[in-house]
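A structural walkthrough
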Amino acid sequence: MTIKIRLPGGVLKVKQRHELRRREHKGKVPVWQLGKYFVIWWPSTIPDRPSKSSNTDEKLEMNLPSTGEGT
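This report concerns the structure included in the present document. Every value quoted in this text rests on a predicted model; they were computed, and no experiment measured them.

The next subject is the pairing of strand S2 (residues 10-16). With respect to burial, S2 is a largely interior element, five of its seven residues being buried. For S2 and strand S4 (residues 37-43), the ladder comprises seven bridges, and the chain directions are antiparallel. Following the sheet pairing, Lys15 is matched in S4 by Phe38.

Among the nonpolar cores identified, the biggest contains five residues, and these are Leu20, Val29, Phe38, Ile40 and Trp42. Dropping the residues within four chain positions of it, Phe38 is found in contact with Lys13, Val14, Lys15, Gln16, Arg17, Leu20, Val31, Trp32 and Gln33.

Burial analysis of S4 places five of its seven residues in the buried class, the great majority of the element. Note: strand S3 (residues 31-34) against S4, four bridges, orientation antiparallel. Paired with Val31 across the bridge in S4 is Ile40.

This part is about a nonpolar patch on the surface. The grouping of Met1, Ile3, Ile5 and Leu7 at the surface amounts to a nonpolar patch, some 340 Å² of accessible area in total. For Met1, the location among the structural elements is in the segment before strand S1 (3-7).

Before going further, it helps to spend a moment on the environment of Pro43. Take Pro43: it is sitting in strand S4. As for Pro43 and Val29, which are separated by 14 residues in sequence, their C-alpha atoms are 8.1 Å apart. Apart from the residues within four sequence positions on either side, Pro43 is in contact with Gly9 and Gly10.

Tracing the backbone through its elements, the reader meets Tyr37 in strand S4. It is 9.8 Å that separates the C-alpha atoms of Tyr37 and Thr2, two residues lying 35 residues apart in sequence. Setting aside residues no more than four positions away along its own chain, Tyr37 makes contact with Met1, Val14, Lys15, Gln16 and Trp32.

How each quantity is defined
- Residues numbered from 1 in each chain as written.
- Predicted model: local features only at pLDDT ≥ 70, side-chain atom pairs only at ≥ 80, totals over all residues.
- Heavy atoms only, no water.
- Buried < 20%, exposed > 50% of the residue type's maximum accessible area, 1.4 Å probe, protein only.
- Helix = DSSP H or I, 4+ residues; strand = E, 2+ residues; numbered from the N terminus.
- Pairing = 2+ DSSP bridges.
- Core = buried A, V, L, I, M, F, W, Y, C linked by side-chain atoms within 4.5 Å.
- Contact = heavy atoms within 4.5 Å.
- Patch = residues over 30% accessible without salt bridge, like charges linked within 9 Å, V, L, I, M, F, W, Y side chains within 5 Å.
- Areas by Shrake-Rupley, 256 points an atom, 1.4 Å probe, with all protein chains shown as cover.
- Salt bridge = Lys/Arg side-chain N within 4 Å of Asp/Glu carboxyl O.

Function-wise, these values are silent; they only describe arrangement.
So, in structure tokens, the structure goes:
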């Protein structure tokens, strides 16, 4: 059961713990707990989904072979 309320400047959501997304669970967006429910504020300045290019860049960076230079 997720309740979404669109407001100027973002979306106010009410969820239970098992419905939280990774960024909500890690506190990347403001989250307040009220009993067994969580109130989450998603400002419109934060994209709802992370961009695929930033995820791809991180994976590529981690998988680059070491050249052994500089050590």
